[in-house]
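Commentary on secondary and tertiary structure
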Amino acid sequence: MTEILGARRGPSADTGLTAWSCWKPAPAPDASAVAFVSDRDGSPRVWIQPLGGEARARPVGTGPEPVADVSWSPGGGRLAVLVVPGGGEHTQVWTVRPDGGDLRPLACPAGGSASFVRWSGRGEILLVAEVSAAGRTEAVLIDAETGGREVVAAGALMHPAAVSRDQGRMLLRRGPRGARRMYLADLPAGRAADLPAGPVPGPPGVPVGDPPGGRERPLLAGLPGSTDHGALSPDGMTAYLLSDAGRDRTALVAVGEDGGAAVLAERADAELDRFALSVDGRRAVLLWNVRGRSELEVLETGTGVVRPLPPPPAEVVSSVRVSADGGLAVLAAEGPGRPSHVVLCDLATGGYRQVAGAGRIAATVEAEPVGLRARDGVELTGWLYRVPGVQAPAPFVVYLHGGPESQERPTFNPLFQSLPAAGIGVFAPNVRGSSGFGRAFRDADNRALRFRAIDDVADCASELVRRGVADPARIACMGRSYGGYLTLAALVTHPELFRAGVDVCGMADFETFYARTEPWIAAAAVSEYGHPTADRDLLRALSPLRSFDRLAAPLLVVHGARDTNVPVHEAHQVLRAARARGVPCDLLLFEDEGHEIRQAANRVTFVGNVVEWLGRHLTLPGRA
C-alpha cells in the first residue's frame with residue numbers, strides 16, 4: 001500500500017502555513033494573567049500571559065502530550081488541563097500549578113475519555129465527565145487538591161453541564177444529536193449512589209424512552225428542539241439554557257425554580273453561539289453567530305437589559321470566558337488572515353486589546369460571502385476564496401465542513417490561503433444540515449433527506465460555473481470528517497462534475513462506521529444518520545463505498561492512525577476499493593494523529609501535500 005510521505009513544497013507566498021495560534025483563553029481569578037493553549041513551539045500546550053507590565057508569555061510544563069483546553073481554578077492555585085495522549089481521540093484531565101509544579105492526573109479512565117466541564121466555585125472542586133470504553137458517562141466531582149472523587153450521576157448519552165456552588169444541584173444533558181434535553185437534578189446529601197440514568201435512544205441494546213422522574217426534572221419539556229448547553233446561578237435556583245426548544249433559532253432561556261421559562265435573549269437574524277456567565281451570576285456575555293460572523297452583547301441578568309458591544313477585532317470569536325469580577329471578557333478571535341489570538345474586552349467600555357497571538361499573515365485571500373439556491377429552492381450560503389488576479393474561470397475546490405452540524409465560517413485556514421496562491425480557488429459552502437441557520441435547516445439532511453444534501457454539493461459546483469469563476473472541467477471536491485463522507489458521496493452520485501477528490505477522515509460505509517466507532521458516538525449518531533439495524537437499507541444506499549463502481553475521479557485519502565471517531569479502517573477500505581477498480585488513489589497517513597491534525601509540522605505536511613496533489617490534477621490541462 002503506497003503512502004505519501006514527507007512535506008511537499010507549498011506556495012512561495014506567506015499563506016500562514018507556519019503561523020501559530022492561541023485557543024481557549026482562561027482568565028486568572030484576580031485578572032492578573034490569562035492561561036491559554038498555543039502551538040507556538042510546534043505542539044499545543046499551556047501558556048500563561050501576565051497582564052501587567054511587559055512580562056512575556058511563558059509555557060507551563062504539562063508533559064510531552066498535546067493539550068486541548070485549560071481552565072483556572074477559582075482560588076487561582078491550580079489549572080485544569082485537558083490532555084490528548086498520543087494526539088488521538090481519548091482525552092484525560094490533569095491538574096498543575098501555574099508555576100508548573102505538582103503535575104498529576106485527575107481523570108484518566110482506562111480505554112475511555114475524560115473532559116472537564118467547569119469548577120463548582122466551592123473550594124477546588126472540578127466537575128468532570130468520564131466516558132467509559134462501553135460508552136457510559138459518569139459525572140464526577142473531583143477535588144483538585146486532594147484527588148478525592150465523587151460520582152454524582154451516570155448513564156448513556158449523558159453529559160453534565162453545570163453544578164451549583166453548594167453542589168446540591170446539577171444540570172444534566174441527555175439524548176442524541178439534535179434532540180438533547182436538559183434535566184435539573186437535586187443531588188442527595190451523601191451522594192453515594194448514581195442518579196437514575198434513564199433509557200435514551202441508541203443502537204441495538206440501548207432502550208428507547210425518557211429518563212424517569214424522581215430526583216431529575218426535565219426543563220423545557222414537551223418542546224421540539226435541542227438544548228445543548230447550560231449554566232446554573234450560584235444558588236442553583238435558575239438554569240440558563242442555550243436552546244432552540246420551541247423555536248427555530250437558538251436563544252438564551254432562563255428556567256426558574258417553579259419551572260417557568262423566560263426568553264432572555266433571541267434574534268430573528270442570528271443564533272446564539274454560546275454564552276458565559278459571571279461567577280456571581282449577575283452578568284452574561286452573549287456570543288451571536290450572524291451569518292457566520294460574530295457579534296457580542298452583555299446581559300444584566302437582574303434587570304434583563306441587553307446592550308451590544310462594539311464589533312470584535314476579528315470575524316469570528318470561538319470562545320468567551322468572563323473574569324471573576326464580571327468586568328472583563330477573555331476571547332479567542334480569528335479571521336481568514338488572522339490566526340486565533342487572545343483578546344481582552346472591557347465590558348464597561350467595550351474596548352478590545354490583543355494580549356497574545358501572532359499578527360496578520362502577509363498575503364491574505366479574503367472570504368467572500370455567496371448565496372445560491374439548491375435545485376429544490378432551498379437557500380444555501382458559502383464563502384468564496386478567489387485566485388488572486390485571475391478573472392477567467394479557474395480550477396476550484398468545493399470544500400465541505402464536518403459535523404454535519406457544524407458551519408463554515410470566515411476563520412483562519414492555511415489551506416484556504418495556500419490553494420488560491422497556487423492557482424486553485426476554494427468554495428466552502430454550508431449545505432443543508434449545517435448549523436447557524438436555524439433548526440429546520442440543521443435537520444434538513446436527517447436520514448433519507450441526506451440525498452438532498454448530496455445534491456447540494458453538485459448544485460454548489462454548478463453555481464461556480466454559472467458565476468463564471470470555475471472551469472467546469474477542473475473542479476475537485478474535498479471535505480473532512482462528515483465532509484469527507486459527503487465528498488465520497490458526491491463523487492459517486494455526480495461523477496461527471498468532479499475531476500478529483502480529497503477525503504479527509506471521512507466515513508465510507510455506515511455499517512463499518514457503526515461497528516468500529518466509539519460506542520457513544522454510534523449511539524448519538526442514530527438520530528442523524530439512521531439506525532444501523534432498522535434503517536439498514538437506507539444506510540447502505542447512502543454509503544459511498546457500495547457505489548464505487550461509479551467512482552471516476554482520482555482520490556487522495558488523508559487519515560490519522562489514532563482516529564477512533566472515524567477509524568482508519570474507513571480509509572483503508574476506500575484505498576482498496578478505488579485501486580481494485582483502477583482508479584488512482586493515494587494515502588496520506590499520520591501515525592501520531594487522531595481525528596484532528598494537532599501538530600504544526602503535520603499541518604504543514606497536510607497542506608503541502610494537498611496543494612501539490614490537487615495542483616497535479618487540476619492545474620495541468622488533460623492530466624489526471
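Being a predicted model, the structure only gives us computed values, none of them experimental.

On to the overall build of the protein, then. Helix and strand counts for the protein come out as 9 helices and 36 strands. A compact globule built from 624 residues would reach a C-alpha radius of gyration of about 25 Å, and the protein, at 24 Å, matches this within 12%. Taken along the three principal axes of its C-alpha coordinates, the protein extends 70 × 60 × 45 Å. Within the protein, residue pairs in contact and separated by at least 24 positions form 56% of the contacts whose partners lie at least 6 positions apart. Of the roughly 22900 Å² of accessible surface on the protein, a fraction of 51% belongs to carbon and sulfur atoms. Computed over 65 positive and 70 negative side-chain charges, the separation of the two mean positions in the protein equals 2 Å.

A cis amide bond, omega 5°, links Gly403 with the succeeding residue Pro404. Although it is not a glycine, Lys24 adopts a positive phi angle of roughly 50°. Although it is not a glycine, Gln167 sits at a positive phi angle of roughly 60°. Within the secondary structure layout, Gln167 lies in the loop between strand S13 (158–163) and strand S14 (169–174).

This part is about the sheet that holds strand S25 (residues 316–322). Backbone hydrogen bonds are what pair the strands of a sheet, in a parallel or an antiparallel way. The strand order across the open sheet formed by 4 strands is S25-S26-S27-S28, and the pairing between neighbours is antiparallel. Edge positions in the sheet fall to S25 and strand S28 (352–356), since each has one partner strand and no second. Each adjacent strand pair in this sheet contributes to an overall mean axis angle of 30°, direction not counted. Sheet topology note: the strand S27 (residues 338–346)/S28 ladder contains 4 bridges and is antiparallel. In the sheet register, Val342 faces S28, and the bridge partner there is Ala356.

So, on to helix H3 (residues 450–466). Its 17 residues place the ends of H3 24 Å apart at the C-alpha level, agreeing with the 24 Å of an ideal helix rising 1.5 Å per residue. Along H3, the positions that sit buried rather than exposed are Arg450, Ala453, Ile454, Asp456, Val457, Ala458, Asp459, Cys460, Ala461, Glu463 and Leu464. Once H3 finishes, Gly468 follows within two positions and takes phi at roughly 80°, a positive value.

With respect to the element layout, Thr227 can be found in strand S17 (residues 227–232). Relative accessible area serves as the criterion here: at 3%, Thr227 is assigned to the buried category. Of the polar contacts made by the side chain of Thr227, one reaches the side chain of Ser243; its length is 2.7 Å.

What follows is about the pattern of salt bridges. Summed over all chains, the structure comprises 38 salt bridges. Between Arg321 and Asp69 there is a salt bridge whose closest N-O contact spans 3.2 Å. Taken together, the residues span a long stretch of sequence, with Arg321 in strand S25 and Asp69 in strand S5 (residues 67–72) at a distance of 252 residues. According to the relative accessible area criterion, Arg321 is partly exposed, its value standing at 22%. Taking the shortest distance from any N to any O, the salt bridge between Arg283 and Glu300 comes out at 3.0 Å. You can see Arg283 sitting in strand S22 (residues 283–290) and its partner Glu300 sitting in strand S23 (residues 293–300), a full 17 residues away along the chain. The class for Glu300 is partly exposed, based on a relative accessible area of 22%. Linked by salt bridges that have partners in common, Arg78, Arg97, Asp102, Arg104 and Glu145 make up one network.

For the protein, per-residue confidence averages 92 on the pLDDT scale, and residues scoring 70 or more make up 93% of the total. Contacts for the low-pLDDT stretch residues 5–12, under 50 throughout, to residues beyond four places or in other chains number 11 contacts. Contacts from residues 190–214, a stretch scored under 50 in pLDDT, to residues over four places away or in other chains number 63 contacts.

Turning our eyes to something else, we now look at helix H8 (residues 569–580). Given a rise of 1.5 Å per residue, 12 residues ought to cover 16 Å, and the 16 Å separating the end C-alpha atoms of H8 matches this to within 8%. Where burial is concerned, most of H8 is hidden: 9 out of the 12 residues are buried. Burial in H8 covers these residues: His569, Glu570, Ala571, His572, Gln573, Val574, Leu575, Ala577 and Ala578. Considering only its buried residues, H8 is in contact with helix H4 (482–493), strand S34 (500–504), helix H5 (510–516), strand S35 (555–560) and strand S36 (585–590).

To continue, consider the pairing of S27. Most of S27 sits out of view: 8 of its 9 residues are buried. Relative to S27, strand S26 (residues 328–335) is paired through 7 bridges, and the arrangement is antiparallel. From the neighbouring strand, Ala333 faces S27, where its bridge partner is His341. The antiparallel pairing of S26 with S27 creates a hairpin that spans 2 residues between the two strands. Linking two consecutive strands that pair antiparallel, namely S27 and S28, is a turn of 5 residues; a positive phi of about 80° is found at Gly350 within it.

For the rest of this paragraph, the subject is the packing of helix H1 (residues 414–421) against helix H9 (residues 600–619). Relative to each other, H1 and H9 sit at 35°, their axes nearing to 10 Å. Once H1 is placed against H9, the crossing between them reads as right-handed. Contact residues: H1 offers Pro414, Leu415, Ser418 and Leu419, while H9 offers Phe606, Val607, Val610, Val611 and Leu614. Of the residues in the contact of H1 with H9, the class split is 8 nonpolar, 1 polar and no charged.

Attention now goes to the packing of H3 against H4. Relative orientation of the contacting elements H3 and H4 amounts to 75°, with a least axis distance of 9 Å. One finds that H3 runs roughly perpendicular with respect to H4. Contact residues: Arg450, Ala453, Ile454 and Val457 in H3; Tyr482, Tyr485, Leu486, Ala489, Ala490 and Thr493 in H4. Residue composition of the contact of H3 with H4, grouped by class: 8 nonpolar, 1 polar and 1 charged.

In this section: the environment of Val152. Assignment of secondary structure puts Val152 in strand S12 (residues 149–156). Distance from Val152 to His572, taken between C-alpha atoms, is 41 Å for residues 420 residues apart in sequence.

Tallying each qualifying case throughout the model produces 9 aromatic pairs. Ring centres of Phe510 and Tyr529 lie 5.1 Å apart, and the angle between their planes is 45°; on these two criteria the pair is classed as tilted. Of the two residues, Phe510 is situated in helix H5 and Tyr529 in helix H6 (residues 519–529); the sequence distance between them amounts to 19 residues. The class of Phe510 is buried, set by a relative accessible area of 1%. Geometrically, the ring pair formed by Phe513 and Tyr529 is edge-to-face, given 6.4 Å between the ring centres and 85° between the ring planes. Here Tyr529 lies in helix H6 and Phe513 lies in helix H5, a separation of 16 residues in the sequence. Taken together through their ring pairs, the aromatic side chains of Tyr482, Tyr485, Phe510, Phe513, Tyr514 and Tyr529 make up a single cluster. Over the ring of Trp20 we find Arg40, and its NZ or CZ is 4.5 Å from the ring centre.

Reading the values: rules and limits
- Each chain carries its own residue numbering, running from 1 in the written order of its sequence.
- Predicted model: local features are reported for residues with pLDDT of at least 70 only, side-chain atom pairs are reported and counted for 80 or more only, and whole-chain, interface and lining totals are derived from all residues.
- Think of the side-chain values as coming from all heavy atoms in the structure, minus any hydrogens and water.
- Helix numbers and strand numbers start at the N terminus; a helix is a DSSP run of H or I with at least 4 residues, a strand a run of E with at least 2.
- Radius of gyration: C-alpha atoms only; globule rule: 2.2 Å multiplied by the number of residues to the exponent 0.38.
- We call two residues in contact when some of their heavy atoms are within 4.5 Å.
- Using a 1.4 Å probe, the Shrake-Rupley method yields the accessible areas, and only the shown protein chains count as cover for residues.
- Charge assignment in this entry is limited to Lys and Arg as positive and Asp and Glu as negative, and neither His nor the chain termini are counted.
- Charge positions are represented by NZ for Lys, CZ for Arg, CG for Asp and CD for Glu.
- Should DSSP find at least two bridges between two strands, the strands are taken to pair.
- Angles run from 0 to 180 degrees between N-to-C directions of axes, and those axes are lines fitted to C-alpha atoms, restricted for helices to the stretch in contact.
- Expected helix span is given by 1.5 Å per residue-to-residue step, counting one fewer step than there are residues.
- Only protein chains enter the area calculation, which uses a 1.4 Å probe; residues under 20% of their type maximum are buried, those over 50% are exposed, and those in between are partly exposed.
- Under the rule applied, a polar contact is a pair of N or O atoms within 3.5 Å (in protein, one hydrogen donor and one hydrogen acceptor; residues adjacent in sequence only if both atoms are side-chain atoms).
- Every case where a carboxyl oxygen of Asp or Glu lies within 4 Å of a side-chain nitrogen of Lys or Arg is listed as a salt bridge.
- Scored from 0 to 100, pLDDT reflects the predictor's confidence in each residue.
- Crossings are sorted by hand: turned counterclockwise from the far helix by less than a right angle, the near helix makes the crossing left-handed, and turned clockwise it makes it right-handed.
- Residue type decides the class: Asp, Glu, Lys and Arg count as charged, Ala, Val, Leu, Ile, Met, Phe, Trp, Tyr, Cys and Pro as nonpolar, and the leftover types, Gly among them, as polar.
- The labels follow the angle: roughly parallel below 35 degrees, roughly antiparallel above 145, roughly perpendicular from 65 to 115, and oblique for the rest.
- Stacked, tilted and edge-to-face are the three classes applied to pairs of Phe, Tyr and Trp rings, where Trp contributes its six-membered ring and a pair requires centres within 6.5 Å; stacked means planes under 30 degrees apart, edge-to-face means over 60, and tilted covers the rest.
- Definition used: whenever NZ (Lys) or CZ (Arg) falls within 6 Å of the ring centre and also within 35 degrees of the ring normal, the charge is taken to sit over that ring.

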